[in-house]
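One-letter residues, chain by chain:
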Amino acid sequence: MGAEFGRRTGGQSRFSQWLRTRRPKDTGDDGSREALLLAAAQAGLPLAPAAHPAGYRCSCDRIGCPTPARHPISFAWQTQSTTDRAQIQRWAEHQPEANFITATGMVHDVLDVPVEAGRSALERLLAEGVEVGPVAESGGDRMMFFTATRGTPEDEDEWWPCELDCHPETMDEHPGLRWHCRGSYVLVPPARLPGELDVHWVRGPEHPLPEPLTLLEALTDAIAQHTDADAEPESAAWPLRG
């Protein structure tokens, strides 16, 4: 992998600055919210209603909810998820504060990485002319790359899990790369999170879904680069003694 890529220089490129400051107008009035949800559904992303912030808490009844405003409302979210325009319009109208999730592993997967690594990888991929699909930032600390799914084989014996696979209950176990596939979900923009955070598109759902392996090397390189950079101050504080 390109170990030299992403090495920090004295300044940032204009592209990096654009990524850091861009805030699409996707969290405005209900009309733009509904339009963005319908655009995601039209692109093939199956949607279902999710919880929303209630102050710094979650709108659900669970005390100490571990994923406030980040989980589906219904336990049947996998079968409930749909791209049906009329159904999504009904949900959006009758649940005006609700976030929405998109179920992964049906049409698409999501490669979910730390935001700084994601920005570096996105800059590299676009500079190299790689086809990058929809990309979203989530909560100010994660970046999500939407890709085609690896699929669900008819013969279950042909399915094998990857150690990078991320299910909602194991997200904290994957601080680096999380691969959301069958049985998982992510919030779809526009979404609101506690603390006035949000989920918004960096590249919208109109971009075709790429194969995940075309992005994986750049993402893992960027994660390694940023992990090494974060570790440098600690190692410098403890010099080896001869």
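This section reports on the structure supplied with the text. (Residues numbered from 1 in each chain as written. Predicted model: local features only at pLDDT ≥ 70, side-chain atom pairs only at ≥ 80, totals over all residues. Heavy atoms only, no water.)

What follows covers the overall build of the protein. On a plain count of helices and strands, the protein comes out with six helices and 12 strands. Burial status across the protein gives 45% buried among its 242 residues. Counting every atom, the protein has about 13,400 Å² of accessible surface; 52% of that belongs to carbon and sulfur. (Helix = DSSP H or I, 4+ residues; strand = E, 2+ residues; numbered from the N terminus. Buried < 20%, exposed > 50% of the residue type's maximum accessible area, 1.4 Å probe, protein only. Areas by Shrake-Rupley, 256 points an atom, 1.4 Å probe, with all protein chains shown as cover.)

The next thing to look at is the pattern of salt bridges. In this structure the tally under the stated criterion is seven salt bridges. Where D112 meets R142, a salt bridge forms, and the shortest distance between an N and an O atom there is 2.8 Å. One end of the pair, D112, is in strand β5 (residues 108-114); the other, R142, is in strand β7 (residues 142-148), and 30 residues separate them in sequence. Looking at R142, the relative accessible area reads 9%, which means it is buried. Residues R124 and E217 are paired through a salt bridge, measuring 4.0 Å at the closest nitrogen-oxygen approach. Separated by 93 residues along the polypeptide, R124 in helix α5 (residues 115-127) and E217 in helix α6 (residues 213-237) bring together distant segments of the chain. Using a relative accessible area of 38% as the deciding quantity, one classes E217 as partly exposed. (Salt bridge = Lys/Arg side-chain N within 4 Å of Asp/Glu carboxyl O.)

Our focus in this paragraph is helix α4 (residues 85-94). Of the positions making up α4, those classed as buried are I88, W91 and A92. Seen along its axis, α4 keeps its buried residues to an arc of 95°; they face one direction. More than 90 degrees from the buried face of α4, the exposed residues found are E93 and H94. (Arc of directions from axis to C-beta.)

A few words now on the packing of aromatic side chains. Taken as a whole, this structure holds three aromatic pairs when the rule is applied. Arranged with centres 4.8 Å apart and planes meeting at 75°, the rings of W77 and Y185 form a pair that is edge-to-face. A residue pair is termed long-range when its members are at least 10 positions apart, and W77 in helix α3 (residues 77-80) and Y185 in strand β10 (residues 185-188) qualify at 108 residues. (Phe/Tyr/Trp six-rings, centres within 6.5 Å; stacked < 30°, edge-to-face > 60°.)

What follows is about α5. Along its 13 residues, α5 runs 18 Å from first to last C-alpha, staying within 8% of the 18 Å computed at 1.5 Å per residue. Looking one or two places after α5, you find G129, whose phi comes out positive at around 75°. (Expected span 1.5 Å × (residues − 1).)

So, on to the pairing of β7. When you tally the buried positions in β7, you get seven out of seven residues, the bulk of the element. Pairing of β5 with β7, which is carried by seven bridges, proceeds in the antiparallel orientation. Residue pairing across strands places P114 opposite R142, the latter belonging to β7. In textbook terms, the turn of a hairpin is the stretch between consecutive antiparallel strands, and for strand β6 (residues 135-138) and β7 this stretch comprises three residues, one of which, G139, has a positive phi near 65°. (Pairing = 2+ DSSP bridges.)

Right, let's get into the sheet that holds β10. Pairing between sheet strands relies on hydrogen bonds along the backbone, with the strands arranged either parallel or antiparallel. Across the sheet, which stays open at both edges, the three strands sit in the order β1-β4-β10 with antiparallel pairing between neighbours. Single-partner strands in this sheet number two, and they are β1 (47-50) and β10. Strand-to-strand twist across the sheet, computed as the mean angle between neighbouring axes with direction ignored, equals 40°. Packing against the sheet, α4 makes contact with β1 and β4 (99-103), and its axis sits at approximately 10° to β1. (Axes fitted to C-alpha atoms, helices over the stretch in contact; angles between N-to-C directions. Contact = heavy atoms within 4.5 Å.)

Mapped onto the secondary structure, H226 falls in helix α6. Among the polar contacts made by the side chain of H226, one reaches the side chain of S120 at a distance of 2.9 Å. (Polar contact = N/O pair within 3.5 Å; in protein donor to acceptor, adjacent residues only side chain to side chain.)

Turning our attention to unusual backbone geometry. Following P189, the chain continues to P190 via a peptide bond in cis, the omega torsion being -5°. Of note, P190 is situated in the loop between β10 and β11 (191-193). A positive phi angle, close to 60°, is found at E196, a residue other than glycine. Tracing the backbone through its elements, the reader meets E196 in the loop between β11 and β12 (197-203).

Two cysteines whose sulfur atoms are joined by a covalent bond form what is called a disulfide. Summed over all chains, the structure comprises zero disulfides. C58 forms no disulfide, and the closest cysteine sulfur to it belongs to C60, at a distance of 3.5 Å. For C58, a relative accessible area of 6% corresponds to the buried category. (Disulfide = S-S within 2.5 Å.)

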